Amino acid sequence: MAAPHAVDGVERSSSETGLILSDSSTGDVKRPQFGTRFLTDPRQVFQHNAWDNVEWTEDQEAAAKKKVSENSQPLPPEKQEEYDSRANEYWNGFYTIHENRFFKDRHWLFTEFPELAPQCSLNHESRPEGSGTDDGQQDSQVSLDQEQSREVADGDFPGSSATYRILEVGCGVGNTVFPILKTNNDPGLFVYCCDFSGTAVELVKINPEYDPGRCFAFVHDLSDVEANYPVPDGTLDVIVLIFVLSALHPNKMQASISRLARLLKPGGVMLLRDYGRYDMAQLRFKKGRCLSENFYVRGDGTRVYFFTQDELHELFTEAGLEKVQNLVDRRLQVNRGKQLTMYRVWIQCKYRKALVQPPETQD
């Protein structure tokens, strides 16, 4: 499924409180972590292009809820079915029009998701509270897991000899994949990327930076849980979902996340950034665009859902993953030329597969 297009070019990332978003550190970080520019004097709002962690007033939140409620009359079932059955057509149409001109590289990737940067080891991240595993036991388990992973990976598949594997789902035209390949020179790295749109995947493959020796792009429908991935279960270190889960029908989200979780190694992580409830994009939808509660169709036929933290937490934990991070990013973006303010709401998550799997989930 392709990444929705309404956010790129304006998306940024910060913590909810200004704290560091990740327990990991990559050492040499060129771009500072977001979450450091706060609006303390409303009269200064147009002094900068964006402000971090903006608190909403009760009136703002009430107005947002009212706006959503007013525009929440669902379209007839036959129209909803049409948008679902023709989803591939709509995304291909989008990329045919925009090709690779619309999206920009996501320069915040490596500060917010250091798991994608060089010399990163997921196994040294802080564990969730109550994991009950000391460092010695963890190192021993990691060695065992890595050995088991190598045994599984002995098959003939792209990247089978890699020691660190990343999959991006909903890769679009490569705005995450190519920065990873350019920045992470780890010789053991292999990156997989897939998209619902064959047009998008073809644009990735013809990009001069596409290296078949380090990357494998393929067409895949995330919501089709019976479709095979080009890697065995239990072989991925990182799975990336950036503004992609929201494009699925809500009824298909749980099965899709659970299927992805099976691809992770023990200790592997799933990284997500997506739309939060009452984001500006949600409030801009007019009547006649609602498919179901908090789920909408854009003018080009592509769809988008707006999440709460609790909804995402339930999806990941139901898939057997442990929370590392689940944060709301509330950002006030400013158009200084037009003297306009825009309130964005995004959610950023990291959920990890336990190093030791419960007996019922082990093979």
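Heads up: these notes are all about the structure in this document.

Parameters and conventions
- Residues numbered from 1 in each chain as written.
- Predicted model: local features only at pLDDT ≥ 70, side-chain atom pairs only at ≥ 80, totals over all residues.
- Heavy atoms only, no water.
- Helix = DSSP H or I, 4+ residues; strand = E, 2+ residues; numbered from the N terminus.
- Buried < 20%, exposed > 50% of the residue type's maximum accessible area, 1.4 Å probe, protein only.
- Contact = heavy atoms within 4.5 Å.
- Areas by Shrake-Rupley, 256 points an atom, 1.4 Å probe, with all protein chains shown as cover.
- Core = buried A, V, L, I, M, F, W, Y, C linked by side-chain atoms within 4.5 Å.
- Salt bridge = Lys/Arg side-chain N within 4 Å of Asp/Glu carboxyl O.

A word on the overall build of the protein chain. When helices and strands are counted, the protein chain shows ten helices and eleven strands. Burial status across the protein chain gives 51% buried among its 363 residues. Considering only contacts within the protein chain whose residues lie at least 6 apart along the sequence, 76% involve residues at least 24 apart. Within the structure as shown, the protein chain displays about 17000 Å² of accessible surface, and the carbon and sulfur contribution to it stands at 48%.

What follows deals with the nonpolar core. Grouped together as the largest cluster of nonpolar side chains are 43 residues, with contacts concentrated most on Leu167, Leu260 and Met270. Considering each element in turn, this core owes the most residues, five residues, to helix α8 (residues 250-263). By size, the runner-up hydrophobic cluster in this structure holds 38 residues, among which are Leu181, Leu189, Cys215 and Val304.

With that settled, the discussion passes to the pattern of salt bridges. Summed over all chains, the structure comprises twelve salt bridges. The shortest N-O distance in the salt bridge between arginine 259 and aspartate 233 comes to 3.1 Å. Linking arginine 259 in helix α8 with aspartate 233 in the loop between β4 (215-219) and β5 (236-242), this pair joins segments that are 26 residues apart in sequence. Look at arginine 259 and you get buried, because its relative accessible area is 9%. Arginine 344 is paired through a salt bridge with aspartate 279; the nearest N and O atoms lie 2.9 Å apart. Of this pair, arginine 344 sits in strand β11 (residues 340-353) while aspartate 279 sits in the loop between β6 (264-275) and α9 (280-283), placing them 65 residues apart in sequence. Comparing arginine 344 with aspartate 279 shows no difference in burial state: the two are buried. One connected set of salt bridges, linked through shared partners, spans Asp84, Lys252 and Arg303.

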